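One-letter residues, chain by chain:
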Amino acid sequence: MVDLKCNADFCLIPMGTESPSVSNYIAEVQVLMHGSGLKYSMHSAGTTVEGPWDQVMELIGKAHELMHKLGVQRVQTDVRIGTRVDKKQSFEDKVTAVEKILKE
């Protein structure tokens with residue numbers, strides 16, 4: 001899968017933290033995302049990232065490693081991954097296509 005591009009939406013859940021709020025942990029993940037060089041967008045229930053399959057999967061793995069380095073004993077992540085080979089399509093393109101239909 002060296003050259004396969006993907007969009008991945010993931011929700012990383014640090015478990016067993018001192019507080020129900022995990023925003024400080026998620027902020028650390030966003031710093032990691034920023035440094036990755038991959039295109040990403042945080043939303044209220046996770047982060048969407050796009051790029052080469054191997055790099056995206058490696059980045060999600062690094063997010064897990066980061067949580068453990070920060071003292072989180074258990075991390076659960078839900079991931080949805082999409083690939084498309086007939087044309088290039090960013091995650092913004094997908095949203096724009098639906099918004100265009102809604103305007104009609």
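Coordinates for the structure precede this section.
Reference entry: report on the structure contained in this document. (Residues numbered from 1 in each chain as written. Predicted model: local features only at pLDDT ≥ 70, side-chain atom pairs only at ≥ 80, totals over all residues. Heavy atoms only, no water.)

## Description of the overall build of the chain
Argument step 1. Along the chain, the regular secondary structure elements total three helices and four strands.
Argument step 2. Expressed along its principal axes, the backbone C-alpha trace of the chain runs to roughly 50 × 35 × 20 Å.
Argument step 3. Taking all contacts inside the chain whose residues are at least 6 apart in sequence as the whole, residues at least 24 apart take part in 71%.
Argument step 4. Surface summary for the chain: the accessible area is close to 7,200 Å², and the carbon and sulfur share equals 54%. (Helix = DSSP H or I, 4+ residues; strand = E, 2+ residues; numbered from the N terminus. Contact = heavy atoms within 4.5 Å. Areas by Shrake-Rupley, 256 points an atom, 1.4 Å probe, with all protein chains shown as cover.)

## Re the nonpolar core
Argument step 1. Of all hydrophobic cores here, the largest spans 17 residues; its most connected members are F10, L12, V29, M33, V49, V56 and M67.
Argument step 2. When contributions to this core are tallied by element, the ones reaching two or more residues are strand 1 (5–15), helix 1 (23–36) and helix 2 (53–69).
Argument step 3. The biggest single contributor to this core is helix 2, with seven residues.
Argument step 4. Those residues in contact with L12 that lie beyond four places of it in its chain are I26, V29, A63, H64, M67, V75, Q76 and T77. (Core = buried A, V, L, I, M, F, W, Y, C linked by side-chain atoms within 4.5 Å. Buried < 20%, exposed > 50% of the residue type's maximum accessible area, 1.4 Å probe, protein only.)

## Some words on the packing of helix 1 against helix 2
Argument step 1. Running from amino to carboxyl end, helix 1 crosses helix 2 at an angle of 140 degrees, the nearest separation of the two axes being 10 Å. Judged on the interaxial angle alone, helix 2 and helix 1 are oblique. Regarding helix 1 and helix 2, the two cross each other, and that crossing is right-handed. For the pair helix 1 and helix 2, the contacting residues are Y25, E28, V29, L32, M33 and S36 in the first and L59, K62, A63, L66 and M67 in the second.
Argument step 2. Among the residues forming the contact of helix 1 with helix 2, the class breakdown is eight nonpolar, one polar and two charged. (Axes fitted to C-alpha atoms, helices over the stretch in contact; angles between N-to-C directions. Parallel < 35°, antiparallel > 145°, perpendicular 65-115°, else oblique. Left-handed = near helix turned anticlockwise from the far one by under 90°. Nonpolar A, V, L, I, M, F, W, Y, C, P; charged D, E, K, R; others polar.)

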